[in-house]
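Chain by chain, the residues:
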Amino acid sequence: MHHTAPAATAKAASSSLDSDAFIPYMRSVTRCETSLRELNLMWRLIESSAKMNCPQEAHAILPMMAATRTGFEQLEQELVHSMVQQSVSGVMAGLATQAQHVIDTLVRNLYERTADVGFLATDSVLCRYVAGLSDGAGVQQRLRAYRSKYSVYNEIMLLDLEGQVMAQTDGDSPVEGSQDPLLAQTLASPRYVETFRRTDLRPHLPQALVYSHRMLHPVSGEPVGVLCLCFDFEGEMQSIFNARSTGLPGDNQGGHSIALLVDAGGQVLASSDAHWVGLATPVPTHHSPEPRLHVHAGRSYLVQSARSAGYQGYPGPAGWQGQVMVPLEQAFAGQGQQLLDQLAPHVAQGLLAHAHRFCPPLHAIVTAADTIRRVVWNGQVMTAGEDSDSSRLQAVLEQIGETGARTNEVFGQSIRALYDTVLSAALRDNSLLSKLLVDLLDRNLYERANDCRWWALTPQLQQLLAASHAGLATAAQVQQGCALLTDIHNLYTVYHQIVVYDRSGCIVATSLRSEVTAPALAPAPIQPPGRAHALIGQRIEADTLAQVLALPHSQAYHVTPWRPNSLDAGHDPAEPGLMREPTYAYHAAIRGQDGQLLGGIGLVFHAARELRAMLDSAVPSQAAGSLQTRVLYLSRQGVVMASTDPQQPPGSQLALPPELLQLSAGESRAQAVVHGGQYCIVAATAGSGYREFKRSDGYREEVLAVSIQAFGHEQEDAVAAVRRRSMRIQSLAPSQQAHEMATFFVGAHLMALDAACVLEALPAAAIAPVSAGRMPHCVGTLARHSQGAVIGYVWVFDLGALLHGQPTTVTAQSQVIVLQHAGCKLGLLVSDLQGVARFGKAQIIPTPAMAPAQQRLLEALIRANEGNLLIQCLSPAGLLQMLQGRSQTAQLAPAT
């Protein structure tokens, strides 16, 4: 299973995406496009009106209007295209993750089946019966006991060399014999045979998935029959299909999309909705993240297909692929859910500061929108103080002010819509990833519960414990028991150790598989004699023994709590890979023929290796500089069980919001939060079991799967930035007598300058950090341009450091305000621009005369918004006086 970040998919999407094909199905994009076109028309009308009605009066502002319109047109096109591209890419990423889950989950399940059939085909009771060495008493009961534990099978059959059925478990579909060629193929093969098609072994089914293995004579070793395990293919596929939905608001893909299993030729083998796409139907496949519309049965679909990389050396059935298709008219139905409204505002703003990492188009559009905001602000400054006697110019200025405010509003809404689309995809993908991870875990541990119960029914182990109970066990019997456990261990490599113990908890036999020298996929050499018997004679934990002795029947089992297991005590701690680590151990009681409890079997799960392998398969290696996704398994107490994060090793405590640790079984939740000093998407899903495991078998142990995708470090200025962007100032109408003030922010402080002394605002990113001699708070110089040529330079001073003693945090919103007073020009570094507002004389209160007017930094306080907002009005003369005094020079404007 491979998880693809939305940003990575977006980069793969072609820049030539045909937006027009998708826009009709995206309501939020349609609304945005309509608003942008209306604004574009308004700017054109204002410009045309000014040229026709007052060309002389509007001469100074026409270049600003032309620049605004040109920038607006470009941004309009980019914004709409980016909204479409991000929406489509987000859908494609979600489909790809689901398709990969379908095939990977199935392949992992089928891998277990290949081990099952190989082991059961060697069962001594079944082999003796098929070879004619026993009358078959108890065979039917034994097969049903196996099926009751491994509920993934709907039929188990024993057939002789002629294809006659000797025993079967499904009494509702009796079969006397079979002519299927798989029988001859199986008898000729030393390995399992995997068959998927229609077969007379399951005559009532259109197709069946059968795992078969030949059975050998216990004495001669010659083939005497065939074991067939018929997999519950239809039930398992529906279970996999149903696991796709995240349950998040706005995630409609799980309900509207169609999940399929297809063969190499694109023919449907299983469908989540056979009414729309039926079995044996040929469908188009698509393995590229680049979106392309596919037509099937007259309907347009977005499609993603996925192949499996295999598991533990098992490739899966040849050519099988997972595929998810969503009708185009349903693909974007869950978007526009306004998820940003559910975030803490400072988190949303902080995440946006890292848009260049997770969504470069969003970053480019935010930057362009800030540029237009600055152009509009400069236009308002430029027209401040214009001759208000010209009614024609006055009308134009009013329209510029109104349209400028509307432009900022529409861009803000459009950027939020794009941001919401990107955020929604990230929340959905991480939530789906956590859900799929916990599903993988529950399915894996389901097999462990089955293994311990079935192996407890092995006659050789029952005989060993019976002899041990009577004090008659020989060294040869113990060696045979160890050899049997080793054979099992070589087939089922997910275990660290397998032991058999008597009623007192004393270990009688143990697997001799060497974990140090053997790869996980190959049969292992026998351990050295000293170590081989290191565990024999030791005892299992007293609390575990008590639980095993209390098990009421063969369907019951016991799982130890998550903790280091004493069954590793015989290993040498100095050797790597053999340290005692927390894990689960699965136990079942071993009973004699008369039902007497003789002891038990314990399987120590290799949790460190297997859990990490599950996590690694979900999040493949990530390129340096890309968004890093870390995945973990946690206990309900937040203790890390396995992790891909080096900073959160197993055994550490992960600090999660309490509501994530308290999720109900099967519940998923994803949030954008500050985690570990970074803005992150944190998603968690609580396990809910698989089939009867952890659901109806009495065992409860809910593990959490967590996905954490980091977007960037926490921004110190985020809270202040939220306040700045949300602030609105009430301004007097142009027809009223008023003072015009250019307003801006220094940190969280709203300040103003007389608009008449402000020349323009320029981006802080353009500051050139040059030596300023002895001028305190000078951060560099800035070039001023006109008609593409440099017309001069100004020194730039950090206003935050000057006023509050704290350097201004430079962000993408930081600006430099260029002011002119008494023949000097200088630049002031500020946090953000606000606007140009008109205030009545009664609103402006001069500050108390604590110093001469030319030395006061604050010359007035402005009571705005009916007295609810206080704005500090700076004195250009005071600023100039202070800077000249501290810099020991009167030359604040560099030579041009």
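Computed from a prediction, not measured in an experiment: that's the story for all the values here.

Student: Help me understand the overall build of the protein chain in this model?
Tutor: Along its length, the protein chain carries 22 helices and 33 strands. Evaluated residue by residue, the protein chain yields a buried proportion of 57% over its 896 residues. Long-range contacts, defined here as pairs at least 24 residues apart, represent 66% of the contacts in the protein chain between residues at least 6 apart. Accessible surface for the protein chain amounts to roughly 36,100 Å². Of this, 52% is attributable to carbon and sulfur atoms.

Student: Whenever I open this one, the pairing of strand β22 (residues 704-713) confuses me. Can you help?
Tutor: Regular strands place side chains that alternate from one sheet face to the opposite one. By the criterion of burial, β22 is predominantly enclosed, with nine of the 10 residues buried. Bridge analysis of strand β18 (residues 629-634) against β22 gives six bridges, and the strand direction is antiparallel. Opposite Val631, over in β22, you have Ser707 as the bridge partner. Here strand β21 (residues 678-686) pairs with β22 via nine bridges, running antiparallel. For Gln678, the partnering residue across the bridge sits in β22 and is His713.

Student: Could you clarify how one ought to interpret the packing of helix α14 (residues 459-469) against helix α15 (residues 475-491) in this entry?
Tutor: Each pair of packed helices can be summarised by the angle the axes make with each other and by the distance between the axes. Across the interface, α14 lies against α15 with an axial gap of 10 Å and an inter-helix angle of 150°. By crossing handedness, the relation of α14 to α15 is classed as left-handed. Here α14 contributes Gln460, Leu461, Leu464 and Ala467 to the contact with α15, which in turn contributes Gln477, Val478, Gly481, Leu484 and Leu485. Grouping the amino acids of the contact of α14 with α15 by side-chain chemistry returns six nonpolar, three polar and no charged.

Student: For this particular structure, what's the right way to read the confidence of the model for the protein chain?
Tutor: Fine structural detail should not be taken from predicted coordinates in areas where pLDDT scores are low. Of the residues in the protein chain, 88% have a pLDDT of 70 or more, and the chain-wide mean is 85. Between residues 1-15, whose pLDDT stays under 50, and residues either more than four places distant or in other chains, the model counts 50 contacts. Segment residues 515-530 is flagged for pLDDT under 50; beyond a separation of four residues in sequence, or across chains, it makes 37 contacts in the model.

Student: Looking at this model, I keep getting lost on the side chain of Glu610. Mind explaining?
Tutor: Secondary-structure assignment places Glu610 in helix α18 (residues 607-618). A distance of 3.0 Å separates polar atoms of two side chains, one belonging to Glu610 and the other to Arg609. What Glu610 contacts, discounting residues up to four positions off in sequence, is Tyr311, Gln312, Thr493, Val494 and Phe605.

Student: Whenever I open this one, unusual backbone geometry confuses me. Can you help?
Tutor: Apart from glycine, the bulk of residues carry a negative phi angle, and the bulk of peptide bonds sit in the trans form. Its identity is not glycine, yet Ala822 carries a phi of approximately 50°, on the positive side. Within the secondary structure, Ala822 is located in the loop between β28 (815-821) and β29 (824-830). In this structure, Glu866 takes a positive phi of about 60° despite not being glycine. Along the chain, Glu866 turns up in the loop between β32 (858-864) and β33 (869-874).

Student: Sorry if this is basic, but what is going on with the sheet that holds strand β6 (residues 258-262) here?
Tutor: Backbone hydrogen bonds hold the strands of a sheet together, and the pairing may be parallel or antiparallel. What the five strands build is an open sheet, ordered β7-β6-β10-β9-β8; its pairing is antiparallel. Bordering the open sheet on either side are β7 (268-271) and β8 (293-296), each of which pairs with just one other strand. Looking at each pair of strands side by side, their axes are set apart by 40° on average, direction ignored. Taken together, the seven bridges between strand β9 (residues 299-307) and strand β10 (residues 321-327) define a ladder with antiparallel strand orientation. Following the sheet pairing, Gln304 is matched in β10 by Val324.

Student: Looking at this model, I keep getting lost on the packing of aromatic side chains. Mind explaining?
Tutor: A ring pair, where both rings are aromatic, is described by two values, the distance of the centres and the angle of the planes. Under the criterion given, the structure shown has 18 aromatic pairs. Look at Trp455 and Tyr495: their rings are 5.9 Å apart centre to centre, the planes differ by 75°, and that puts the pair in the edge-to-face class. Of the two residues, Trp455 is situated in helix α13 (residues 391-455) and Tyr495 in strand β11 (residues 495-502); the sequence distance between them amounts to 40 residues. Both residues of the pair, Trp455 and Tyr495, count as buried.

Student: Teacher, can you tell me more about the pattern of salt bridges here?
Tutor: Close approach of charged atoms lets side chains of opposite charge pair. For the structure shown, the criterion picks out 28 salt bridges. Taking the shortest distance from any N to any O, the salt bridge between Arg563 and Asp543 comes out at 2.9 Å. Placement of the pair is Arg563 in strand β14 (residues 563-564) and Asp543 in helix α17 (residues 542-549), with a sequence separation of 20 residues. The class of Arg563 is partly exposed, set by a relative accessible area of 21%.

Student: What should I look at first to understand the nonpolar core in this one?
Tutor: Taken as a class, soluble globular proteins show a tendency for nonpolar side chains to be buried jointly. Core analysis: the biggest nonpolar cluster contains 167 residues, and Leu158, Leu362, Trp455, Ile601 and Tyr633 have the highest contact counts within it. No other element matches the 23 residues that helix α3 (residues 62-120) contributes to this core.

Student: Is there a simple way to explain the sheet that holds strand β25 (residues 758-763) in this structure?
Tutor: Spatial ordering of the open sheet is given by β25-β28-β29-β27-β26, a layout of five strands whose pairing is mixed. A single partner strand is all that each edge strand has here, and the edge strands are β25 and β26 (778-786). The average angle at which neighbouring strand axes cross in this sheet is 35°, direction not considered. Relative to β29, β28 runs antiparallel, the two being bridged by seven bridges. By the bridge assignment for β29, Gln815 is matched with Val830.

Student: Explanation requested: the packing of helix α10 (residues 345-352) against helix α20 (residues 718-726) in the structure shown.
Tutor: Remark: α10 packs on α20, axes separated minimally by 8 Å, with the N-to-C direction vectors making an angle of 100°. Taken together, the axis directions place α10 and α20 in an arrangement best described as roughly perpendicular. Every residue of α20 that contacts α10 at Pro345, His346, Gln349 and Gly350 is listed here: Ala718, Val719, Ala721 and Val722. Each residue belonging to the contact of α10 with α20 can be placed in one class, and the counts come to five nonpolar, three polar and no charged.

Student: Would you mind going over the environment of Arg416 with me for this structure?
Tutor: Relative to the elements of secondary structure, Arg416 occurs in helix α13. For the pair Arg416 and Leu352, spaced 64 residues apart in the sequence, the C-alpha separation amounts to 9.8 Å. In contact with Arg416, other than residues within four places in its own chain, are Leu340 and Asp341.

Student: Can you walk me through the environment of Glu176 in this structure?
Tutor: Its place among the elements puts Glu176 in the loop between β2 (165-168) and α6 (182-187). Residue Glu176 is classed as exposed on the basis of its relative accessible area of 70%. The spacing of Glu176 and Leu159 is 17 residues in sequence and 9.5 Å in space, taken between C-alpha atoms. For Glu176, the contacting residues outside a window of four places in its chain are Gly163, Gln164 and Val165.

Student: Help me out: how do you make sense of the environment of Ala243 in this one?
Tutor: Of note, Ala243 is situated in the loop between α7 (233-242) and α8 (253-256). The exposure class of Ala243 is buried, given its relative accessible area of 13%. In the structure, Ala243 is positioned 192 residues away from Lys435 in sequence and 7.9 Å away in space, judged by C-alpha atoms. Residues within four places of Ala243 in sequence aside, it is in contact with His101, Lys435, Leu436 and Asp439.

Student: Whenever I open this one, a nonpolar patch on the surface confuses me. Can you help?
Tutor: On the surface, Leu41, Met42 and Leu45 cluster together to form a nonpolar patch covering roughly 260 Å² of accessible area. With relative accessibility at 49%, the residue Leu41 sits in the partly exposed group.

Student: Please explain α15 as it appears in this structure.
Tutor: Residues lying three or four places apart along an α-helix face the same way, a consequence of the helix completing one turn every 3.6 residues. End to end, α15 covers 25 Å across 17 residues, agreeing with the expected 24 Å (1.5 Å per residue, within 8%). Looking at α15, one finds that the buried residues are Val478, Gly481, Cys482, Leu484, Leu485, Thr486, Ile488, His489 and Asn490.

Student: Explanation requested: the state of the cysteines in the structure shown.
Tutor: Each disulfide is one covalent bond, formed between the sulfur atoms of two cysteines. One pass over the full model with this rule turns up zero disulfides. In this model Cys873 remains outside any disulfide bridge; the closest cysteine sulfur is found in Cys757, 8.5 Å from its own.

Criteria and thresholds
Residue positions are given per chain, counting from 1 as you read along its sequence in written order. Owing to the predicted nature of the model, reporting of local features is limited to residues with pLDDT of at least 70; listing and counting of side-chain atom pairs is limited to 80 or more, with chain, interface and lining totals taken over all residues. Note: side-chain values were computed over all heavy atoms of the structure, leaving out hydrogens and water. Numbered from the N terminus, helices here are DSSP runs of H or I no shorter than four residues, and strands are runs of E no shorter than two. Exposed residues in this analysis have more than 50% of their type's maximum accessible area, buried residues have under 20%, and partly exposed residues fall in between, with area computed by a 1.4 Å probe over protein chains only. Residues are treated as being in contact if the distance between any of their heavy atoms lies within 4.5 Å. Working definition of accessibility: Shrake-Rupley area with a 1.4 Å probe, residue cover restricted to the visible protein chains. When DSSP locates at least two bridges between a pair of strands, those strands are taken to pair. The convention used is that axes are lines fitted to C-alpha atoms, helices contributing only their stretch in contact, and that angles between N-to-C directions extend from 0 to 180 degrees. Note on convention: near helix rotated counterclockwise from far helix by under a right angle means a left-handed crossing. Clockwise means right-handed. Under the scheme applied here, ten amino acids are nonpolar (Ala, Val, Leu, Ile, Met, Phe, Trp, Tyr, Cys and Pro), four are charged (Asp, Glu, Lys and Arg), and all others, including Gly, are polar. Confidence per residue, as judged by the predictor, is encoded in pLDDT with a range of 0 to 100. Polar contacts, as counted here, are pairs of nitrogen or oxygen atoms within 3.5 Å of one another; within protein the pair requires one atom able to donate a hydrogen and one able to accept it, and residues that are adjacent in sequence qualify only if both atoms are side-chain atoms. Aromatic pairs are defined between Phe, Tyr and Trp rings, using the six-membered ring for Trp, whenever the two ring centres lie within 6.5 Å; interplanar angles under 30 degrees are classed as stacked, those over 60 as edge-to-face, and all others as tilted. For this document, the term salt bridge refers to a Lys or Arg side-chain nitrogen within 4 Å of an Asp or Glu carboxyl oxygen. The nonpolar core is taken to be a set of buried Ala, Val, Leu, Ile, Met, Phe, Trp, Tyr and Cys residues, with the residues joined through side-chain atoms within 4.5 Å. When describing relative orientation, an angle under 35 degrees is termed roughly parallel and one over 145 degrees roughly antiparallel, while 65 to 115 degrees is termed roughly perpendicular and anything else oblique. Nonpolar side chains (Val, Leu, Ile, Met, Phe, Trp, Tyr) within 5 Å and like charges within 9 Å form the patches, drawn only from residues with over 30% relative accessible area and no salt bridge. Take the residue count of a helix, subtract one, and multiply by 1.5 Å to get its expected span. A pair of cysteine sulfur atoms is labelled a disulfide when the two atoms are within 2.5 Å.

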